[in-house]
Amino acid sequence: MIIRVLGGGCRSCEALLEAAKEAVKAKGTDAAVEYITDYEKIMEYGVMSMPALMIDDRIVSAGRVLKAEEIEKLLP
Amino acid sequence: MWDFIQYQILVMKWMEELIGDGLAALGLDISTRIGGSIHFFIYDVTKITILLCVLIFVISYIQSFFPPERSRGIMTRFHGVTANIAGALLGTVTPFCSCSSIPIFMGFTRAGLPLGVTFSFLISSPMVDLGSMVLLSGVFGFKVAAAYVVLGLVIAVAGGTIIEHLHMEDQVAGFIRNGRNTALIETVKPTVRERLAYSAEQVIVTFRKVFPYILAGVAIGAVIHNWIPDSWIENILGGGNPFGVVLATLIGIPMYADIFGTIPVAEALLSKGALLGTILAFMMAVTALSLPSMMMLKKAIKAKLLGTFIAICTAGIIIIGYAFNLLQNYFQ
């Protein structure tokens, strides 16, 4: 499983990245967490509201800083 | 009826009296300078905090219906000036943080939205928002608030239209223009519960972010209110200085503060004899043009367009300032 955090590098984007890492740890799943700041890629994924969270090929949240517990619930 | 809403609910006159009585009971004479400053400080911080929390909640709820992805879809349905008006209006209700501005710019441009429409959106977004409208009613009254919003939208529509006619498309960085237009993801529609949770979260996040500005703003306001002589303010920002509006705008542009922080300063200056238009120009300059957002835009557009954007906003704000000063008597 790949978890991608999409963002422009601001504080909220980094907070979401931390939360995602925390969620993966808490859940104990084997997932890679990637931080995507390349706008071209972000466009390809079809979102404009940063920060966004992607699990595998699906955008699960955009424009919000989710808490680690919320992300945990979204993980399969 | 309107007076009741304005003075008791929005301005919270009852609270001013209550805090005054409380301080008097503690043995503080609020007619002295120090006592008056403390009174103003406690009352204003409490009032603005209550207004902020209620407002952010309601506004976030409304905003949860207009993610940028959806606003883009709405805008592409309009053409000509109507599209600029749609852009300006949606700019006021679409929530986004500064790091979303480049993806938004790319998404709008590649969907074929004219540059002017994108700029109408970008100009109105920081300047006119629902929060400032209600907060302004609480401090300056409904008529002023409504006029502020309408004029802010006028600047956004006019500014976007001018940029459109200058044909500066080549001034937009290549990486924004060149590239495929991708369909945007339709995120699942949130439930009422999720919207409420989102709004509550926004209240907490915004409060944490803005509270230092409120404290600083009210502290400056309290100092102005009780320590600075009226004649100074009148000479610099009042009828005594024909260039007051220009001065206030130029000072306001490099400053960056939240509207919630600028209002107590504005309120205090106004009570000391500054002209309304001068004060509003200052507030618009502080909120509409700020260094962090300029830095962000700099990555997306070239110097000439950035300069045009700043010039249009500055000119618009100055014109509005003088207009309000001329019409001051009508508003008070």
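Definitions and cut-offs
Residues numbered from 1 in each chain as written. Chains lettered and ligands numbered in written order. Predicted model: local features only at pLDDT ≥ 70, side-chain atom pairs only at ≥ 80, totals over all residues. Contact = placed C-beta atoms within 7 Å. Helix = DSSP H or I, 4+ residues; strand = E, 2+ residues; numbered from the N terminus. Nonpolar A, V, L, I, M, F, W, Y, C, P; charged D, E, K, R; others polar. Pairing = 2+ DSSP bridges. Right-handed = clockwise from strand over helix to strand, strands pointing away. Buried ≥ 20, exposed ≤ 12 C-beta atoms within 10 Å, placed from the backbone. pLDDT = per-residue confidence, 0-100.

Q: In this structure, what is going on with the interface of chain B and chain A? I would like to understand it.
A: Interfaces are often described in size by the accessible area the parts lose on coming together. Contacts between the two partners involve 22 residues from chain B and, on the opposite side, 20 residues from chain A. Secondary structure elements with two or more residues in the side of chain B that touches chain A: α4 (68-75) and α6 (101-110) of chain B. In terms of residue count, the dominant contributor to the side of chain B that touches chain A is α6(B) (5 residues). Counted by class, the side of chain B that touches chain A contains 15 nonpolar, 6 polar and 1 charged residues.

Q: Even after reading the chapter, I still don't get the pairing of strand β2 (residues 32-36) of chain A, so can you show me in this structure?
A: Walk down a regular strand and you will see the side chains alternate between the two sheet faces. All names here are of chain A. As defined by bridge partners, strand β1 (residues 2-6) adjoins β2 across 5 bridges and the pair is classed as parallel. Paired with I3 across the strands is V33, a residue of β2. What joins β1 to β2 is helix α1 (residues 11-27), and the crossover it makes is right-handed.

Q: Would you mind going over the environment of I62(B) with me for this structure?
A: All names here are of chain B. Relative to the assigned elements, I62 resides in helix α3 (residues 33-63). A count of 14 C-beta atoms within 10 Å places I62 in the partly exposed class. A sequence separation of 166 residues divides I62 from I228, and the C-alpha atoms of the two residues are 41 Å apart.

Q: Looking at this structure, how should I read the confidence of the model for chain B?
A: Predicted coordinates in regions of low pLDDT should not be interpreted in detail. Residue and element names in this part refer to chain B. Mean pLDDT over chain B works out to 83, with 92% of the residues at or above the 70 mark. Confidence, read as mean pLDDT per element, is least for helix α1 (residues 2-10) in chain B (64) and greatest for helix α5 (residues 80-93) (92). Among the prediction metrics, the complex's ipTM stands at 0.87, with pTM recorded as 0.81.

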